[in-house]
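Here are the chains, one letter per residue:
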Amino acid sequence: MNFPNNAQMRFIMSNRYRLLESGGGGGGSTGVADSSRRRYGQGPSFGLHLCGDQVSSFLKRARGVLRATGITLPRWQLWVLGILIYFCLAVVLEPVAEELMAEEERMTLYEWVKENEADLRSEYKERVEQAHDICNRYDVYMTQLDYIRSHGNNQEAMQYSDWFTLKRVNWNYMYYVPQEDFVYCKVPKSGSTTWVYNLLKLANVPEEQISSDIGIHKLLRDYYPKMSSSKMKQAFKKSFKLLVVRHPFERILSAYRDKLENYQRDLMFRDGYYYTMYGKTIVQVYRDETDLSLKNRTEPTWTEFVRYVINTPYSKFDEHWKPIYSLCSPCVIKYNVIAKMETFSEDTQFVINQLGLEDQLHVEWIHRTANDRTSDVANLYYSQLTRRQVDQLYAKYKLDFELFDYNHEAYREMAKQ
């Protein structure tokens with residue numbers, strides 16, 4: 001049996017897509033060009049489907065290619081060679097097909113965002129206006145002296161510390177990307193791992209350093225060091241500014257599950273930092289010693305964590321459950337986009353489009369705590385609380401609820417009477 005030489009094999013391989021197009025599935029056009037059937041991962045792949053019609057069709061094409069190279073083989077040898085090539089190409093092209101399908105999904109989202117750009121702009125404008133309307137309601141734009149004169153004896157006015165926090169810029173969470181003229185305010189537990197990954201990718205950090213979400217947050221300041229407030233103010237005048245927010249109750253639940261619910265996880269990935277700094281004290285202060293079911297439990301329970309949050313000033317919170325308004329100054333900074341985790345994909349794609357980074361960044365949600373639906377997970381935890389506790393928790397994060405137009409009633413319904 002005479003196998004193809006190198007030149008002949010190159011010719012065959014240059015025709016591999018045409019060959020597989022005819023053998024990848026029944027019913028006509030099922031190859032790379034058949035994009036409509038592969039959207040959202042529902043279409044065919046290049047996996048091998050050995051039914052008679054498909055292989056026969058493939059072999060007819062293969063015979064034509066072999067004849068063009070001057071190769072003539074007996075029918076049985078053609079069958080053996082054809083099946084071997086079919087197997088090899090199917091294996092080789094499987095990951096290529098998956099990448100093409102993923103690319104199509106990205107392009108579909110890209111096209112959808114482009115088509116709905118006007119509506120999205122209107123939505124982002126409304127989100128920014130919502131935040132500034134709330135700031136106006138609380139007289140944030142008054143001078144300090146005028147505010148004290150107007151509200152000094154008003155028991156219903158917000159606490160002065162909250163008012164002052166809304167007036168100042170917290171530079172600690174701002175990251176400026178000079179080459180893109182882009183400012184990102186990092187809110188932990190609100191899509192931050194995805195955007196940290198994106199920023200590190202823009203800084204050309206090697207993929208092997210950012211392929212895992214563990215440790216990448218520590219890298220960010222190495223590539224985007226803090227700037228003086230004067231330089232940041234200058235950058236803010238013309239830059240594209242992004243803030244990503246999340247429902248406050250979803251965010252603090254995510255923080256609890258990620259940082260405090262599992263001591264072994266904390267020990268493995270953070271040397272027990274969160275238990276040492278917060279968990280141990282929460283257990284000491286809020287654990288019911290008569291509850292024998294908790295006798296061997298090291299970590300704080302969800303209800304213990306909630307009681308701690310309710311009774312602790314937010315100034316003593318870790319950044320993962322600190323209110324967003326205290327991190328990203330939405331009254332002072334007029335963001336181009338206030339993105340939401342509830343619309344994360346389209347909001348992220350919009351930002352990527354606006355920055356002209358479609359070839360460098362793709363919409364990916366890097367860090368997910370679990371595959372369970374959010375509503376199911378939320379119900380599991382919030383059903384452990386009383387409605388009074390949910391109301392107290394709402395009061396703690398009231399400004400975030402108002403600034404970013406969230407509602408807590410569904411969570412109140414989950415709670416015990």
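Computed from a predicted model, the values in this text were never measured in an experiment. (Residues numbered from 1 in each chain as written. Predicted model: local features only at pLDDT ≥ 70, side-chain atom pairs only at ≥ 80, totals over all residues. Heavy atoms only, no water.)

Another aspect to go through is the packing of aromatic side chains. By the definition in use, this model includes 29 aromatic pairs. Aromatic pair Phe305 and Tyr308: ring centres 6.0 Å apart, planes at 40°, arrangement tilted. One end of the pair is Phe305 and the other is Tyr308, both in helix H15 (residues 302-311) and three residues apart, which spans about a single turn. In this structure, Arg221 is placed above the aromatic ring of Tyr175, and the distance from its NZ or CZ to the ring centre is 3.8 Å. Above the ring of Tyr406, the side-chain terminus of Lys340 is found at 4.5 Å from the ring centroid. (Phe/Tyr/Trp six-rings, centres within 6.5 Å; stacked < 30°, edge-to-face > 60°. Helix = DSSP H or I, 4+ residues; strand = E, 2+ residues; numbered from the N terminus. Lys NZ or Arg CZ within 6 Å of the ring centre and 35° of its normal.)

Next up on the list: the nonpolar core. Grouped burial of nonpolar side chains is what soluble globular proteins tend to show. Core analysis: the biggest nonpolar cluster contains 64 residues, and Leu243, Trp302, Trp321, Tyr382 and Leu403 have the highest contact counts within it. For this core, the leading source of residues is H15, giving six residues. (Core = buried A, V, L, I, M, F, W, Y, C linked by side-chain atoms within 4.5 Å. Buried < 20%, exposed > 50% of the residue type's maximum accessible area, 1.4 Å probe, protein only.)

The next point concerns the pattern of salt bridges. Note on pairing: side chains with opposite charge can pair once their charged atoms come close. The full count for this structure, using the stated rule, is twelve salt bridges. Of the charged contacts, one joins Glu117 and Arg121 as a salt bridge, the two residues approaching to 2.9 Å between their closest N and O atoms. Taken together, the positions of Glu117 and Arg121, both in helix H5 (residues 117-137) and four residues apart, correspond to about one turn of that helix. Assessed through its relative accessible area of 22%, Glu117 is described here as partly exposed. Of the residues examined, Arg121 reaches a relative accessible area of 42% and is grouped as partly exposed. (Salt bridge = Lys/Arg side-chain N within 4 Å of Asp/Glu carboxyl O.)

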